[in-house]
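Architecture and fold: a report
So the chains spell out like this:
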Amino acid sequence: MKSILVLGGAGYIGSHTVYALIEAGKKVVVIDNLETGFKQAVHPDATFYEGDIRNRSFLDEVFEREEIEGVIHFAANSQVGESMTNPLKYYNNNLCGTEVLLESMVAHGINKIVFSSTAATYGEPESIPILESDPTHPTNCYGETKLSMEKMMHWTSVAHDLRYVALRYFNACGAHPNGKIGEAHNPETHLIPLILQVPNEKRGHISIFGGDYDTKDGTCVRDYIHVNDLAQAHILAMEYLVNGGESNTFNLGNGVGFTVKEVIETARKVTGHPIPAKVEPRRAGDPSTLIASSDKAKEVLKWKPQMDSLETIIETAWKWHKNHPDGYDNRTM
Ligand code: UDP
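**Examining the overall build of the chain**
Helix and strand counts for the chain come out as 10 helices and 13 strands. Expected size for 333 residues packed as a compact globule is a radius of gyration near 20 Å; at 19 Å, the chain falls within 12% of this value. Out of the 333 residues belonging to the chain, those deemed buried represent 56%. Sequence separation of at least 24 residues holds for 78% of the intrachain contacts in the chain that already meet a minimum separation of 6. Of the roughly 14200 Å² that the chain leaves accessible, carbon and sulfur atoms contribute 48%. Taking the average place of the 31 positive charges on the side chains of the chain and the average place of its 43 negative ones, the gap between the two points comes to 3 Å.

**Concerning the sheet that holds strand β4 (residues 68-73)**
A sheet is described by the order of its strands in space; here seven strands give the open sequence β3-β2-β1-β4-β5-β6-β11, paired in parallel fashion. Each of the sheet's edge strands pairs with one partner strand only, and the pair in question is β3 (47-50) and β11 (248-252). In this sheet, adjacent strand axes meet at a mean angle of 20° when their direction is disregarded. With five bridges joining them, strand β1 (residues 3-7) and strand β2 (residues 27-32) adopt parallel strand pairing. Paired with L5 across the strands is V29, a residue of β2. The strands that helix α5 (residues 141-159) touches are β4, β5 (112-118), β6 (163-169) and β11; relative to β5, the one it contacts most, it runs at about 155°.

**Quick notes on the packing of helix α1 (residues 12-23) against helix α7 (residues 227-242)**
Packing of α1 against α7 brings their axes to within 8 Å, and their N-to-C directions diverge by 65°. Considering only the axes of α1 and α7, their crossing is right-handed. Seen from α1, the contacting residues are Y12, I13, H16, T17, A20 and L21; seen from α7, they are V227, N228, L230, A231, Q232, H234 and I235. Grouping the amino acids of the contact of α1 with α7 by side-chain chemistry returns eight nonpolar, five polar and no charged.

**Side note on the site of the ligand**
Around the ligand, the surrounding shell holds 15 residues, and the nearest of these are L191, S207, R222, R283 and D286. Here T189 contributes a backbone N or O atom positioned 3.3 Å from an oxygen atom of the ligand. Put simply, the parts of the chain that give the shell around the ligand at least two residues each are α6 (191-196) and β8 (206-209). Examining the composition of the shell around the ligand, we find that four residues originate from one element, β8, more than from any other. Grouping the amino acids of the shell around the ligand by side-chain chemistry returns eight nonpolar, four polar and three charged.

**Structural notes on α7**
Because each turn of an α-helix spans 3.6 residues, side chains separated by three or four positions end up pointing in the same direction. Between its first and last C-alpha, α7 extends 23 Å over 16 residues, near the 22 Å set by a 1.5 Å rise per residue. With respect to burial, α7 is a largely interior element, 12 of its 16 residues being buried.

**Points about the pattern of salt bridges**
Taken as a whole and judged by the stated rule, the model has 14 salt bridges. In this structure, the salt-bridge partner of R54 is D52, at a minimum N-O distance of 2.8 Å. Using a relative accessible area of 29% as the deciding quantity, one classes R54 as partly exposed. Connected through salt bridges with shared partners, the residues E35, E82 and K89 form a single ionic network.

**Describing helix α2 (residues 56-65)**
Among the residues of α2, those classed as buried are F58, L59, D60, V62 and F63. Considering only its buried residues, α2 is in contact with β1, β2, β3, β4 and α4 (87-107).

**Thoughts on the packing of aromatic side chains**
This structure, assessed with the given rule, holds five aromatic pairs. On the basis of an interplanar angle of 85° and a centroid distance of 6.1 Å, the ring pair of Y240 and F250 is categorised as edge-to-face. Highlighted residues: Y240 in helix α7 and F250 in strand β11, separated in sequence by 10 residues. When its relative accessible area of 14% is taken as the criterion, Y240 is described as buried. With a centroid separation of 4.9 Å and an interplanar angle of 50°, the aromatic rings of W320 and Y328 are classed as tilted. Owing to a relative accessible area of 4%, Y328 belongs among the buried residues under this scheme. Among the aromatic residues, those joined into a cluster by ring pairs are F38, W320 and Y328.

Definitions and cut-offs
Residues numbered from 1 in each chain as written. Predicted model: local features only at pLDDT ≥ 70, side-chain atom pairs only at ≥ 80, totals over all residues. Heavy atoms only, no water. Helix = DSSP H or I, 4+ residues; strand = E, 2+ residues; numbered from the N terminus. Rg over C-alpha atoms; globule rule 2.2 N^0.38 Å. Buried < 20%, exposed > 50% of the residue type's maximum accessible area, 1.4 Å probe, protein only. Contact = heavy atoms within 4.5 Å. Areas by Shrake-Rupley, 256 points an atom, 1.4 Å probe, with all protein chains shown as cover. Lys, Arg positive; Asp, Glu negative; His and termini not counted. Charge placed at Lys NZ, Arg CZ, Asp CG, Glu CD. Pairing = 2+ DSSP bridges. Axes fitted to C-alpha atoms, helices over the stretch in contact; angles between N-to-C directions. Left-handed = near helix turned anticlockwise from the far one by under 90°. Nonpolar A, V, L, I, M, F, W, Y, C, P; charged D, E, K, R; others polar. Near = heavy atom within 4 Å. Polar contact = N/O pair within 3.5 Å; in protein donor to acceptor, adjacent residues only side chain to side chain. Expected span 1.5 Å × (residues − 1). Salt bridge = Lys/Arg side-chain N within 4 Å of Asp/Glu carboxyl O. Phe/Tyr/Trp six-rings, centres within 6.5 Å; stacked < 30°, edge-to-face > 60°.

What follows is the structure, encoded as C-alpha cells:
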C-alpha cells in the first residue's frame, strides 16, 4: 500500500486527520517542522520526518524514500492577527513553502494534493450562506495567502499533470473523542479554547469582542465545525482525487450559525462553570456573520458531518482541555 503524506501532521487539524487516516487503515507519512505543531500530537503509527517544506532537498529525499500516493497539505501559518503585523512571514511560509512543495511533487510525478484553505478567502460576505462561487476579497493577509495558494495550485494544474482539492474551513473546533489530541495554540486566539480557560482557572473571564453587531443578540455569528468532521472530509477528498475527480474547491461547515453568547452559554452547560463574560470593543477585521453552504461537499464528496451539535463539539473540546490545561507542554501521551 502506498502512503498518504501529511504535511503539518503535528498541528491541530493535521494531527486529527492523521488519526482518521490511520483509523481508516491507511499508511501515513508525516512531515512537520514543529514550529507550531507538537511531536506528541503525531500518531505513533505514522512515519515522522521533522523538517521544513521550504527545504527542497529534504522534500526530495522524502519523496524518493517513501512511496507516496498523494499529499494532504496543512503546513502553514494560520493566525489572522499575526499575518497583519508580519505579512512577509505568511508569504514566505504559506506561499514559498507551497511553491517548493509543488516543484518537488511535479518532479517526482506525485499528482494529487488536498490542502487547507479557509473561509477567510471570502472576506466580508455578500450573502449568507456562502457558496464556493461567491466573490473572494480577503480582508487579512492570512486569507490572501490561502487564496494565492489556491491560485498557485490552479495554474500548476493547468500546466502539469496535477489535480488538487482546496478545502475552505469555517470555524474548526472540538477534539478527538479519545482525549489524546486536541487544540493547542501559543498564543491561543480562538473562542472555544479561550472560553474553556475560564473553568480551567487560566483566566478570570471571557471577552466578547463586540456586542453591537446586526445579529440576534449583537454578537458575531460563526459556523463551528468539528475537527474530526474536517478530518473525514480530507480522506473523502483524497479518495475523490484517487478516483479521477477533477480539481475542485469545497466549503466545510455545518451550515448553522451560533453567536458568541450562544457558544459561551453552551460551554457553561457543558462545564457546569458560570464562565463570566464581558462585552468589549469589536476586534478589527471580524465579519459579523460567516455561515457556509457545504452542499457541494455533501453532494460531490458524500461528506456527512457527524459531530454537528455545539454541545458535542464543546464536550470533546472540554475533555481535551480539562486533562491538558497546558496543551502538550509537560505531558506525554
Ligand atoms: N471572539 C470573542 N472573544 C475571544 C475570541 C473570539 O468574542 O476572546 C469572537 C470573535 O470575534 C469571532 C468568534 O469569537 O466572532 C470566533 O473567533 P475565532 O478567533 O475563534 O475564529 P475566527 O472566526 O476569527 O476564525
